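Observations on chain architecture
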Amino acid sequence: MSFPDNHDGDQKVGNDPTAGISADHLRSIIERVENLEEQRAALSGDVKDIFTEAKSAGFDVKIIRQLIKVRKMDPAQVEEQETMLDIYRRALGM
């Protein structure tokens with residue numbers, strides 16, 4: 001197993017499994033991830049609130065989610081899917 005170079009001046013001691021691990025660097029990484037996870041949770045709550053608002057305004061949230069998905073897609077891919085959907089509908093007599 002290889003450990004990152006020691007960047008904070010900790011001494012390497014014999015068979016110490018933590019030798020070469022920079023505690024400050026590791027703590028920084030963990031704290032940054034935790035911070036981003038908190039931000040993601042807050043944003044997720046905001047998105048939920050917006051969908052609640054849309055629903056109370058009479059919009060179909062399921063359709064809004066589909067539109068958001070489609071808007072992220074490449075236009076050529078959207079056209080291809082719509083063409084295939086139309087072909088399948090016609091095949092089923094819809």
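Please refer to the structure placed before this passage.
This section reports on the structure supplied with the text. (Residues numbered from 1 in each chain as written. Predicted model: local features only at pLDDT ≥ 70, side-chain atom pairs only at ≥ 80, totals over all residues. Heavy atoms only, no water.)

Here's the deal with the overall build of the chain
The secondary structure content of the chain amounts to three helices and zero strands. Counting from the amino terminus, the chain carries its helices and strands in the arrangement α-α-α. Looking at the 94 residues of the chain, the share that counts as buried comes to 9%. Working note: accessible area of the chain is about 8,600 Å², and carbon and sulfur atoms make up 56% of it. (Helix = DSSP H or I, 4+ residues; strand = E, 2+ residues; numbered from the N terminus. Buried < 20%, exposed > 50% of the residue type's maximum accessible area, 1.4 Å probe, protein only. Areas by Shrake-Rupley, 256 points an atom, 1.4 Å probe, with all protein chains shown as cover.)

Points about the packing of aromatic side chains
Inspection of every chain in the model, using the stated rule, returns zero aromatic pairs. Here arginine 65 stacks its cationic end above the ring of phenylalanine 51, 4.0 Å away from the centre of that ring. (Phe/Tyr/Trp six-rings, centres within 6.5 Å; stacked < 30°, edge-to-face > 60°. Lys NZ or Arg CZ within 6 Å of the ring centre and 35° of its normal.)

With respect to the packing of helix H1 (residues 23-56) against helix H2 (residues 61-72)
Packing of H1 against H2 leaves a shortest axis separation of 9 Å and a crossing angle of 125°. Taken together, the axis directions place H1 and H2 in an arrangement best described as oblique. Here H1 contributes Phe51, Ala54 and Lys55 to the contact with H2, which in turn contributes Val61, Ile64, Arg65 and Ile68. Of the residues contributing to the contact of H1 with H2, the split by class is five nonpolar, no polar and two charged. (Axes fitted to C-alpha atoms, helices over the stretch in contact; angles between N-to-C directions. Parallel < 35°, antiparallel > 145°, perpendicular 65-115°, else oblique. Contact = heavy atoms within 4.5 Å. Nonpolar A, V, L, I, M, F, W, Y, C, P; charged D, E, K, R; others polar.)

Brief notes about a nonpolar patch on the surface
Together, Met84, Ile87 and Tyr88 make up an exposed nonpolar region whose accessible area comes to about 300 Å². Mapped onto the elements of the fold, isoleucine 87 is located in helix H3 (residues 75-91). (Patch = residues over 30% accessible without salt bridge, like charges linked within 9 Å, V, L, I, M, F, W, Y side chains within 5 Å. Salt bridge = Lys/Arg side-chain N within 4 Å of Asp/Glu carboxyl O.)

Comments concerning H3
Here H3 spans 24 Å end to end across 17 residues, near enough to the 24 Å set by a 1.5 Å rise per residue. Downstream of H3 by a residue or two, glycine 93 has a phi angle that is positive, lying close to 75°. (Expected span 1.5 Å × (residues − 1).)

Structural notes on the environment of lysine 62
For lysine 62, the location among the structural elements is in helix H2. C-alpha of lysine 62 to C-alpha of phenylalanine 51: the two residues are eleven residues apart in sequence and 9.5 Å apart in space.

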